[in-house]
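Each chain is listed here by its residues.
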Amino acid sequence: MATQDVIARSATTTPSPSVREQLDVAKLIDTSVCIGCKACQVACMEWNEVRDEIGSTVGVYDNPDDLTADSWTVMRFAEHETDEGDLEWLIRKDGCMHCVEPGCLEACPSPGAIIQYSNGIVDFNQDNCIGCGYCITGCPFDVPRLSEKDNKAYKCTLCSDRVSVGLEPACVKTCPTGAIVFGSKEDMKEHADGRIADLKSRGFDNAGLYDPAGVGGTHVMYVLHHADKPGLYSGLPEDPSISPMVGAWKGLTKPLAMLAMGATALAGFFHYVRVGPNRVEEDDVDDATPPVAAERDERHDADRGGH
Amino acid sequence: MKRDIQRYTANERSNHWAVALLFILAALSGLALFHPALFWLSHLFGGGPWTRILHPFIGVAMSVLFALMAWRFAGRNRIQPRDRQWLGQWRDVVAKRDDRLPKVGKYNAGQKLLFWVLVASLAVLLLTGIVIWREYFSGAFAVGLIRFASLLHAFAAFVLVTTIIVHIYAAIWVKGSVGAMLHGKVSQAWARKHHPLWHDEKMRKKER
């Protein structure tokens, strides 16, 4: 079903099955409404049937304290002191951003291990994953995680299985405050506009939408009270994009390198065809050696030839 | 046959071919991950995951054995003034106008250059390879460094593979050199033509 609307497939140079086109979807996370209850984390575990190991608290509300192969979304809590001396909780639901230009997909060497559907969802297919971790190297948001159990990479799927049958992601379904909403990307932008206007009227002059252009936009967006400083939200990247080093590593240089290696081998072949082998000639022996030695050499060569 | 000259000892030959076999395995498994057009090479290693598992171990084995070989051969590969001249006359080299070239010792300037390019690229490959080896080491490094190492690893691999293509071609082109590395011996005429200074040195040793 789902393989008819693929717009990008990792490590693949021919078109992907893409007859079916779907509407751009997006998940909007409104940090100003989030209360940090972690119901979304639980819903994610429940729907996807993944259970992380029970860890220990590290002195903050973050729990687990980082994304793992079993925890595809994690609430990050940041305490922010405003210029007026007030304390603000800046709580962010971390997870895959489903970039329009995914760094993971660009870096992946295994055909079809990462696919991007026409609705914008970036999905990992663990059947094809080889466990190299290049997706982690490519991601500007530090999202994918390798499982120590099976050496496959995992991350949020935006509940692609639910979305493909017309349901909303599990985290959206469960959010008690309506901080997470889901729909077409256009509708979500419109919804965000309303929220931002409201925040501005309440004194958050820098409220805005986080839909970073550096990765072509994302299919998970944030409404931030401080959109001018996304870094306040537990290090949300200011201006994320695929690293130029990843671009050089995986971009045009590779086909060029392939061409150069092929050309070198071909140059050798044609050099042989045109110039011929570099043999030791009998004449060389005569030129370079005193007569006695040359005679011996000739006899020696003749002996060999006689066999 | 008894008047042939020994060019490589059994240990040197074994070392060379062990490195060569490991290079082929490392290159094929690495190329599988280098470009999608070559991913099919992963089938030779039992699929994608096995290619990913085996490649670094093969690489480490190759690096260790190459280090032994480099240690053996380094002294003979010091670049000398006449080597620069030899390289400057590369047109004469590829056109087989050997008589115009400066006299060559055990290794010509091309071989010396090959040697040092291999030393450099293998050192880079080993160090960057450790940084990008997710299963054991990547956790200790910042993502920026891993990205840089990935790029450098691919670049050094490209340099190494291209250099080895030239090396293999040169061995096929100069008749007698494959034999030298397979059974260790070259004819006196071969030595006199391609490595006259080394030939003289060998002869002097024999007289003594």
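Residues numbered from 1 in each chain as written. Chains lettered and ligands numbered in written order. Predicted model: local features only at pLDDT ≥ 70, side-chain atom pairs only at ≥ 80, totals over all residues. Heavy atoms only, no water.

- For chain B, the name recorded in an unreviewed UniProt entry is Formate dehydrogenase subunit gamma, with Halomonas piscis as its organism.
- Listed under Cofactor (unreviewed entry) in UniProt, the entry text for chain B is "heme".
- Under the UniProt heading Sequence similarities (unreviewed entry), the note attached to chain B is "Belongs to the formate dehydrogenase gamma subunit family." (UniProt positions renumbered as here; feature names shortened; annotations may be inferred.)

- Naming follows an unreviewed UniProt entry, where chain A appears as Formate dehydrogenase iron-sulfur subunit of Halomonas piscis.
- Entered under Subcellular location (unreviewed entry) in the UniProt record, the comment concerning chain A runs "Cell membrane".
- Of chain A, the UniProt comment under Function (unreviewed entry) reads exactly: "The beta chain is an electron transfer unit containing 4 cysteine clusters involved in the formation of iron-sulfur centers."

**Thoughts on the packing of helix 5 (residues 109-131) of chain B against helix 6 (residues 143-173) of chain B**
Residues and elements named next belong to chain B.
Item 1. Remark: helix 5 packs on helix 6, axes separated minimally by 8 Å, with the N-to-C direction vectors making an angle of 150°. Viewed along their axes, helix 5 and helix 6 adopt a mutual orientation that is roughly antiparallel. Along this stretch, helix 5 crosses helix 6, giving a crossing that reads as left-handed. Counted together, Leu114, Val117, Leu118, Ser121, Leu122, Val124, Leu125, Thr128, Gly129 and Val131 of helix 5 and Leu145, Ile146, Ala149, Leu152, His153, Ala156, Ala157, Val159, Leu160, Thr163, Ile164 and His167 of helix 6 form the full contact between these two elements.
Item 2. Counted by class, the contact of helix 5 with helix 6 contains 16 nonpolar, six polar and no charged residues. (Axes fitted to C-alpha atoms, helices over the stretch in contact; angles between N-to-C directions. Helix = DSSP H or I, 4+ residues; strand = E, 2+ residues; numbered from the N terminus. Parallel < 35°, antiparallel > 145°, perpendicular 65-115°, else oblique. Left-handed = near helix turned anticlockwise from the far one by under 90°. Contact = heavy atoms within 4.5 Å. Nonpolar A, V, L, I, M, F, W, Y, C, P; charged D, E, K, R; others polar.)

**As for the interface of chain A and chain B**
By convention, interface size is frequently given as the accessible area that disappears when the constituent parts associate.
Item 1. Each side of the interface is counted separately: chain A has 50 residues, and chain B has 44 residues.
Item 2. Interface area, chain A with chain B, both sides summed: about 4,100 Å², of which 67% is carbon and sulfur.
Item 3. When the buried area of chain A at its contact with chain B is split by residue, Ile130(A), Met261(A) and Asn278(A) rank highest and sum to 17% of it.
Item 4. Between chain A and chain B we count zero salt bridges in total.
Item 5. Seen at the junction of chain A and chain B, the total is 17 residue pairs in polar contact (both at pLDDT 80 or more).
Item 6. Secondary structure elements with two or more residues in the side of chain A that touches chain B: helix 3 (134-138), helix 7 (244-250), helix 8 (253-275), helix 9 (282-288) and helix 10 (291-306) of chain A. (Buried area = accessible area lost by both parts, 1.4 Å probe. Salt bridge = Lys/Arg side-chain N within 4 Å of Asp/Glu carboxyl O. Polar contact = N/O pair within 3.5 Å; in protein donor to acceptor, adjacent residues only side chain to side chain.)

**A closer look at the sheet that holds strand 1 (residues 6-9) of chain A**
Residues and elements named next belong to chain A.
Item 1. Across the sheet, three strands lie side by side as 1-5-6; this open sheet has antiparallel pairing. Looking along the sheet, the strands with just one partner apiece sit at the ends: strand 1 and strand 6 (122-124). When strand polarity is set aside, the average angle formed by the axes of neighbouring strands in this sheet is 25°.
Item 2. Two elements, strand 5 (residues 114-117) and strand 6, share three bridges in a ladder whose sense is antiparallel. Looking at strand 6, one finds that Ile114 is bridged to Phe124. (Pairing = 2+ DSSP bridges.)

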